[in-house]
Amino acid sequence: MSGDGLLSLGRADIEGLGITPSEVVDALDAGLREKGHGEAIMPPKTSLHGPQRAFCQVLSAWLPRSGGLGVKWVTIFPGNAARGLPAVGGLVILSDGTTGRPLAILDGAVVTAWRTGASAALAARYLARPGADCAGLLGCGVQGRASIDAVAAELPALRSVRCHDAVPAAAAAFAAAAADRLPGIEVVVCDRPEAVTSGAGVVVSAITMGDDVAPPLDAGRLEPGALAVALDYDAAWSAAAMAECERFYCDDTAQVLATKAHGPRLQQIPEAIAGDLGELAACLVEGRRHPAERVFCLNLGLAVEDIVTAQLVVRRAREQGVGTVLPV
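What you see is a predicted model; the values in this text were computed from it and never measured.

Moving on, we get to the overall build of the protein chain. The secondary structure content of the protein chain amounts to 10 helices and 15 strands. On C-alpha atoms alone, the protein chain measures out to a radius of gyration of 19 Å, which is about the 20 Å that the 2.2 N^0.38 rule sets for 328 residues. Once the C-alpha set of the protein chain is aligned to its principal axes, its extents read approximately 55 × 40 × 40 Å. Taking all 328 residues of the protein chain together, the buried fraction comes to 52%.

The structure is reproduced here in structure tokens:
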């Protein structure tokens, strides 16, 4: 594992490292705190939109203080489900932040799932009501599962999860696997999307984005004191549902505004953004003000999150002697 080659890490390599959701949440917390203090370079995503709702993105970030430097190439092809293939794929390329030398190339799907789940848990760390014991999940795919795993690790009082998926088999599979992944937590499969919010202190949405389906979660569904975390842009929550929340946060304000300006997404989000996860981590803005406050956090996914997660993975892989070294 010397610095003379490019470390290649596949899905099985990464999943076998024993990295916990809490470790990824802590890595994101540190990286976003660095960004919150203005010590990260992160341009807006570059997006390529194709047929049948497929799109690709390039995400890049440089964290000079902690040495993180890299880029992620991610593809999202919703039609892959019919082909028996994952909808999300891609690669992360990590370089040395001091010398620029290439360090590693990693499976991007695992990194994306882990950091996306950890971003929901980080929002819960700063914005959830203390003692929240029930979570709701709309969308039981890879990102939804990773999010509940991370939220469960972050919220020690969590005792139940209410879930729904447009594909009933996905919700059933999530519930069946919960006994191993979420010991001591009851999973209830709901027959309607809006039922996931009942009694939930944290509600995570991670549905497939589409232009032909109205958001299934409307105003009046989120209970007082609850936190909504959207991992699917504005696909799951109506404009009225977002507007009725007392405070609206996001993972990165500049990226949200750039995405809105580019269109067509996010055209009806609230005008006032109370802060982002980097500012919360850096203690530059206040979080939840009282237990009954409804709070919304829109997480689009950040390159900083990908890079710090990849750094964690590469450090652990080198410690364990995992991966294949390729010549460069």
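The subject of this paragraph is the sheet that holds strand E2 (residues 46-49). Strand order across the open sheet formed by seven strands is E2-E3-E4-E5-E6-E1-E15, with mixed pairing between neighbours. Two strands in the sheet have a free side with no partner beyond their single neighbour: E2 and strand E15 (324-327). Recorded for the sheet is a direction-independent mean angle of 15° between the axes of neighbouring strands. With nine bridges joining them, strand E4 (residues 68-76) and strand E5 (residues 88-96) adopt antiparallel strand pairing. Bridge pairing links Thr75 to Gly89 in E5. Strands strand E3 (55-63), E4, E5 and strand E6 (102-107) of the sheet are contacted by helix H4 (residues 108-127), whose axis makes an angle of about 90° with E5.

Now for the packing of H4 against helix H10 (residues 303-320). The geometry of H4 relative to H10 is characterised by a closest axis approach of 9 Å and an angle of 115° between their N-to-C directions. When you trace H4 past H10, the crossing you get is right-handed. Between H4 and H10, the contacting residues are Val111, Thr112, Trp114, Arg115 and Ser119 on the first element and Glu305, Asp306, Thr309 and Val313 on the second. Grouping the constituent residues of the contact of H4 with H10 by class yields three nonpolar, three polar and three charged.

Now for the environment of Ile93. By the element assignment, Ile93 lies in strand E5. The exposure class assigned to Ile93 is partly exposed, which follows from its relative accessible area of 38%. Sequence separation between Ile93 and Ala261 is 168 residues; the distance between their C-alpha atoms is 28 Å. Setting aside residues no more than four positions away along its own chain, Ile93 makes contact with Leu69, Gly70, Val71, Ala104 and Ile105.

Conventions and cut-offs
Residues numbered from 1 in each chain as written. Predicted model: local features only at pLDDT ≥ 70, side-chain atom pairs only at ≥ 80, totals over all residues. Heavy atoms only, no water. Helix = DSSP H or I, 4+ residues; strand = E, 2+ residues; numbered from the N terminus. Rg over C-alpha atoms; globule rule 2.2 N^0.38 Å. Buried < 20%, exposed > 50% of the residue type's maximum accessible area, 1.4 Å probe, protein only. Pairing = 2+ DSSP bridges. Axes fitted to C-alpha atoms, helices over the stretch in contact; angles between N-to-C directions. Contact = heavy atoms within 4.5 Å. Left-handed = near helix turned anticlockwise from the far one by under 90°. Nonpolar A, V, L, I, M, F, W, Y, C, P; charged D, E, K, R; others polar.

On their own, these measurements won't tell you what the molecule is for.
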